[in-house]
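Analysis of the macromolecular model
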Amino acid sequence: MMKIVFATNNKNKLSEIREILGNTIEVLSLNDIGCDVDIPETAGTLEGNALQKAQYVYDHYHLNCFADDTGLEVEALHGAPGVYSARYAGGEGHDSEANMAKLLANLKNEENRKARFRTVIALILDEGEKGKETQSFEGIVNGTIIHEKRGSEGFGYDPIFEPDGYSHTFAELGLDVKNQISHRARAVRQLADYLLSQPHE
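Residues numbered from 1 in each chain as written. Predicted model: local features only at pLDDT ≥ 70, side-chain atom pairs only at ≥ 80, totals over all residues. Heavy atoms only, no water.

**Observations regarding the packing of helix α4 (residues 170-181) against helix α5 (residues 183-197)**
It is the contact of α4 with α5, at a shortest axis distance of 8 Å, that shows an interaxial angle of 15°. Of the possible angle classes, the one that applies to α4 and α5 is roughly parallel. Once α4 is placed against α5, the crossing between them reads as right-handed. Touching F170, K178, N179, Q180 and I181 of α4 are H183, A185, R186 and R189, all from α5. Class assignment for the residues of the contact of α4 with α5 results in three nonpolar, three polar and three charged. (Axes fitted to C-alpha atoms, helices over the stretch in contact; angles between N-to-C directions. Helix = DSSP H or I, 4+ residues; strand = E, 2+ residues; numbered from the N terminus. Parallel < 35°, antiparallel > 145°, perpendicular 65-115°, else oblique. Left-handed = near helix turned anticlockwise from the far one by under 90°. Contact = heavy atoms within 4.5 Å. Nonpolar A, V, L, I, M, F, W, Y, C, P; charged D, E, K, R; others polar.)

This is the structure:
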């Protein structure tokens, strides 16, 4: 079985990706390879951040790896919070409650609540003497920001994001459904198809 490093220690992301990839590819976390560095994300785009994280793992550990960055892009806010989604409310970030509260406040008097989640995955494969190969994959899911939180599953902005075609938020739909339709699922399926199409020793 092919092994690949996912440049994250986010347990939610890891379980999502392992669920999507199933038994086809063994996914290792940063913790699994002994990397306890908080890899910087200083690029101004999702693509740049994903590549920055993957490049760090490749440069320091010389392992096949991929990294992702995800943003919630709200039409009425000109694409914000976008690349700053995890730290939208300020501070060190990843305070989902504060991020959702700020977003709902900023949309308080806004009729246009169209939004999309976008995930970009950067993949780096070690090709031995040929050097490295770099690929990127993108997954998008369109939806609406609702007026108040609903649901208890998922993470991040899931309780206030209702994907198009559904009358429930990601947090209400549960992981089984989310893993079929989410932005990350769409990007990961492209990644999996690509990895499985590669010749392996």
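We are not done yet, so read on.
**Structural notes on the packing of aromatic side chains**
Counted according to the given criterion, the structure contains five aromatic pairs. Centroid distance F117 to F170: 6.1 Å. Interplanar angle 20°. Geometry classified as stacked. Taken as a pair, F117 in strand β5 (residues 114-126) and F170 in helix α4 lie far apart in primary sequence, 53 residues in all. We classify F170 as buried; its relative accessible area is 0%. (Phe/Tyr/Trp six-rings, centres within 6.5 Å; stacked < 30°, edge-to-face > 60°. Buried < 20%, exposed > 50% of the residue type's maximum accessible area, 1.4 Å probe, protein only.)

**Some details on unusual backbone geometry**
Leaving glycine aside, a negative phi is the common case for residues, and trans is the common case for peptide bonds. The omega angle of the peptide bond from A80 to P81 is 0°, so this bond is cis rather than trans. The residue P81 is located in strand β4 (residues 81-82) in this model. Here H62, not a glycine, exhibits a phi torsion of approximately 50°, which is positive. Tracing the sequence through the fold places H62 in the loop between α2 (46-61) and β3 (65-74). Classification of H62 as exposed rests on a relative accessible area of 52%. You will see that H78, though not glycine, has its phi angle at about 55°, which is positive. With respect to the helices and strands, H78 occurs in the loop between β3 and β4.

**Thoughts on the confidence of the model for the protein**
When the pLDDT values of the protein are averaged, the result is 91; 98% of them are 70 or greater. Within the protein, no element has a lower average pLDDT than helix α1 (residues 11-21), which sits at 82, and none a higher one than strand β7 (residues 161-163), at 97. (pLDDT = per-residue confidence, 0-100.)

**Examining the pairing of strand β2 (residues 25-28)**
Here four bridges tie strand β1 (residues 2-6) to β2, and the two strands are oriented parallel to one another. Bridge pairing links I4 to V27 in β2. As for the winding sense of the linkage, the β-α-β connection from β1 through α1 to β2 is right-handed. (Pairing = 2+ DSSP bridges. Right-handed = clockwise from strand over helix to strand, strands pointing away.)

**Digging into helix α3 (residues 96-106)**
Those residues of α3 that fall on the buried side of the exposure criterion are N99, M100, L103 and L104. Buried residues along α3 cover an arc of 125° about the axis, so they all sit on one side. Elements that come into contact with the buried residues of α3 comprise β3, β4 and β6 (132-145). (Arc of directions from axis to C-beta.)

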